[in-house]
Amino acid sequence: MTTETLQAPVPRTPLQEFWHYFKGNKGAVTGLVFILIVCFMALFADIVAPHSPSDQARDALLLPPAWMDGGNWAYFLGTDDVGRDILSRIIHGARLSLSVGLVAVTASLMIGILMGLVAGYCKGVVDTIIMRVVDIMLAMPSLLLAIAIVAILGPSIVNAALAISIVSLPHYVRLTRAATMAEMSRDYVTSSRVIGASPLRLMFVCILPNCVAPLIVQATLGFSTAILDMAALGFLGLGAQPPTPEWGSMLADALQFVQRAWWVVTFPGLMILLTVLAFNLMGDGLRDALDPKLKQ
Amino acid sequence: MFQFIFRRLSLVIPTFIGITLLTFTLIRLIPGDPIEVMAGERGVSAERHAELSAQLGFDQPLYVQYFNYVSGVLQGDLGNSLVTKEPVLSEFLTLFPATIELAFCAAMFAIFIGLPAGIIAAVKRGTLFDHSVMTFSLTGYSMPIFWWALLLMLIFSVNLGWTPVSGRIDVVYWIDDVTGFMLIDSILSGEVGALSSAISHLILPSIVLGTIPMAVIARMTRSSMLEVLSEDYIRTARAKGIAPWRVIIIHALRNALIPVITVIGLQVGILLSGAILTETVFAWPGIGKWLIESIGRRDYPVVQGGILIVASIIIVVNLLVDVAYGIVNPRIRHSR
Amino acid sequence: MSLLKLENLSVTFGQFRAVDQISYTVNEGEVLGIVGESGSGKSVSSLSLMGLIDYPGKVSADELSFMEQDLLSMPETQRRKITGSDIAMIFQDPMTSLNPCYTVGYQIIEALKTHQGGTKKELKTRAIELLNLVGIPAPESRLSAYPHQLSGGMSQRVMIAIAIGCNPKLLIADEPTTALDVTIQAQIIDLLIDLQKQKQMGLVLITHDLALVAEVAHRVIVMYAGQIVESGPASEVFSTPKHPYTQALLASLPESAAGKARLEALPGVVPGQYDRPKGCLLSPRCPYATDHCRNVVPDNQGPLERQVKCHTPLDTMGRPAA
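Residues numbered from 1 in each chain as written. Chains lettered and ligands numbered in written order. Predicted model: local features only at pLDDT ≥ 70, side-chain atom pairs only at ≥ 80, totals over all residues. Heavy atoms only, no water.

### Considerations on the interface of chain B and chain A
Taken together, the contact between chain B and chain A spans 38 residues of the former and 35 residues of the latter. Between chain B and chain A, a total of about 3,500 Å² is buried, with carbon and sulfur atoms accounting for 83% of that surface. When the buried area of chain B at its contact with chain A is split by residue, B:Phe146, B:Trp147 and B:Leu150 rank highest and sum to 18% of it. At the boundary of chain B with chain A, the tally comes to one salt bridge. Here A:Asp284 and B:Arg219 are joined by a salt bridge, their closest N and O atoms 3.1 Å apart. There are four residue pairs in polar contact (both at pLDDT 80 or more) connecting chain B and chain A. Among the secondary structure elements, those contributing two or more residues to the side of chain B that touches chain A are helix 1 (2-28), helix 6 (128-141), helix 7 (145-159), helix 11 (244-282), helix 12 (287-297) and helix 13 (300-328) of chain B. (Contact = heavy atoms within 4.5 Å. Buried area = accessible area lost by both parts, 1.4 Å probe. Salt bridge = Lys/Arg side-chain N within 4 Å of Asp/Glu carboxyl O. Polar contact = N/O pair within 3.5 Å; in protein donor to acceptor, adjacent residues only side chain to side chain. Helix = DSSP H or I, 4+ residues; strand = E, 2+ residues; numbered from the N terminus.)

### Remarks on the interface of chain C and chain B
Note on interface size: it is often stated as the accessible area lost on association of the parts. With 28 residues of chain C in contact, the opposing surface of chain B contributes 22 residues. Summing both sides of the interface, chain C and chain B together bury roughly 2,300 Å²; the carbon and sulfur share of this comes to 54%. Interface area lost by chain C to chain B is led by C:Arg80, C:Cys101 and C:Glu110, which between them contribute 23%. In this structure, the connection of chain C to chain B is made through three salt bridges. With a shortest N-O distance of 2.9 Å, B:Arg246 and C:Glu110 are connected by a salt bridge. If you look at where chain C meets chain B, you find 14 residue pairs in polar contact (both at pLDDT 80 or more). Listing elements by their share of the side of chain C that touches chain B, those giving two or more residues are helix 1 (42-50), helix 3 (94-97), helix 4 (104-115) and helix 7 (152-164) of chain C.

### Focus on the side chain of B:Asn255
Mapped onto the elements, B:Asn255 comes out in helix 11. Residue classification places B:Asn255 among the buried residues on the basis of a relative accessible area of 6%. Other than its neighbours up to four places away in sequence, B:Asn255 contacts B:Val228, B:Tyr233, C:Asn99, C:Pro100 and C:Cys101. (Buried < 20%, exposed > 50% of the residue type's maximum accessible area, 1.4 Å probe, protein only.)

### Regarding a nonpolar patch on the surface
All names here are of chain A. Judged by side-chain polarity, Phe40, Leu43, Phe44, Ile47 and Val48 come together as a nonpolar surface patch covering roughly 520 Å² of accessible area. The set of elements that each furnish at least two residues to the nonpolar patch consists of helix 3 (26-43) and helix 4 (45-48). As for its position among the elements, leucine 43 is in helix 3. (Patch = residues over 30% accessible without salt bridge, like charges linked within 9 Å, V, L, I, M, F, W, Y side chains within 5 Å. Areas by Shrake-Rupley, 256 points an atom, 1.4 Å probe, with all protein chains shown as cover.)

Listed below in structure tokens is the structure:
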């Protein structure tokens, strides 16, 4: 009878543990669900979208959304100045934004981890040089640096993605370096070194798995900055070039229609906001769920 | 204290060298021949090409070019605009006050709303107010500000007609350029209504530009306050029987501000890059709009010089923040 | 006259009772020791006396009075006048208990100014006197020192100076020496006891250190899982403990293990929020527990001045009553 009060709970696996904390965070779950929906839209854009993003309906220029006077249910969110369906363009834009986010985050994550590991592991001159470069990059606002890079390389989606990955590099380098330095002083690393593990094994097998949690959080937040910066570049005419359906560049032309057609302005931007918000919510949730300091 | 400032200063020099290297390299990364690119579609004759090349120093070895570039920069020579033929620095100085005015008002908006919101949210943790502040600040933090600008313009300028759509002041006023700051110049001009026109032109751009910093400041203040409020010395202060407001303002806020000041300093970078977007939407004649237009015109010396100046400003501001950090935090001030 | 009187004081956090219906009194000039393991509610109960329990914590009591004034019903502002002047408290970790942004002088004067007032000069003279009183050398120059420039022992002296600044009638010391070096501990305790005698204060001394309590306290309270399990004159409680828990605590002292190979230790830990036993809270860990103990909550037994919360209090030989 008394033994039942003393029974220890069955230990959860780290994944279960993580999910337990993550699902308690309503905002994070909402963010996750929204991201999944956007991913679905992006993957099956051709099926989901009612129209082709470049179809110009000559008889339906600047049509208001369906629920307004003069709206047409065939064009649920209305049409733009050349008669393209806004909803379809937003759906196809999701494909672009997510893939740019994915490419930029993956590229900067990989290079950043490598540089951070090397800096943290080698210390000395290598570390100083890498960290100086990182400091210089951090001294520049990311958007300005991205603009500079795109201005030189010429405006295109690929260059914009490249610029965004370069710009987000410093964060990953710093995180990995800090985590590496912290882990390097732990006894388990010393002991594997004593056993004779090679530097590569030490870096990737011993140290890296222990820095994964902050990197996951940073990568999630990196998605939101990538999408935001991509849209900003597109808006400034430095990213995706028209007719490509990109959320930011959809807004670039909208400036002249502010007076007449609010829907051309409102929906693409709302989509950017919601997607970025979803990634930020999820990033916050991940941080709370992965940060052992906050657990109990 | 002076040693502390000196140490910080010595760290700035390598960063500055790095920035000059970066801007120096940038212009040489342009695909193709820089002179042809600068000349544009008209093209240049071979003699003119050699002449220009010598004039711009492209015929010399790279390290000499870099040395010349840096010594030029140190003397305030950032080259001339290809379009207007004006020195880059003087163009910059003409436009900079407009950006400062905008960024300053945006920063005031961000601090005067973000700081109290964060403090109250932390003190009233878990209440409706706290949840609203957190929701609003996360939304603001995720805001694509160019869209936010369009949206506010749509609501307040187009639909309600409360604020003007763009520019710094109504066209009916002709204001002498004394300080470059429209708020001051409009007072100096003595024209009736000029000041209120200048203010009404400033409101929307400031709110737009201040939104992200406001969100960041509110979030940071809240989390910093929460951390400080659970410290032992807060319990000590309360055990002295002093009034709750005094515990919060004198004991908690002073400590909580230390990380917040760093964050406020970091916002200068966000403000300057955000100014590029805000100025573009509101046709605000500042350096952000200037840079973007120069990129469009392929006016490379302007792009190069503009980026160098903006980056230098950010370095200097970060230095000032570091020093301010030392002043509020006695532990740093007294460290050797 | 009793200075402080508690009658069935409870502090709850949601469902969890951190302090469970405790009652005791402190008289003028008396040293009361409160002992118990970590998590037994010692600190929480003393914080509730200062009015420092925050939401979601909730304090309730049949009576909580200081010098015949009801602390719970009085308005906040009036209670703050008592807190920090008539009742003062010092805390466990002096290094984190002082605000790092302000000088020592500022923090001492702040308390004086709040409760007594006076000109700048008077306050400063008084602060120097206080630092002198707590044995800090060169007090004039220490006034402008920042907390990070002081050692742990110095910081605790400053905390004591702040606490006694307004001549409190009751001083609560919550493990005042736990965070300090062993050599400093004795100095701080000597200082506290000296001041207590000088000023005829009531002193509530919360500690794990049984030997210390035995030495300086007049009366002692033993707490376990938020409840008082035994109370009485210090000498009696320690010489003839009546509660198995007190007995176990004493047995775990190195001194009592002389000649034995191992120290005695009570198995298990203090029950938490979710594993509260049905009967006596000690029953899962108690060597003498019976089925009765496991199912029925024991009452307090014995006269007020010597109480024990056990179905089968130990006799003078240390064996449970039949």
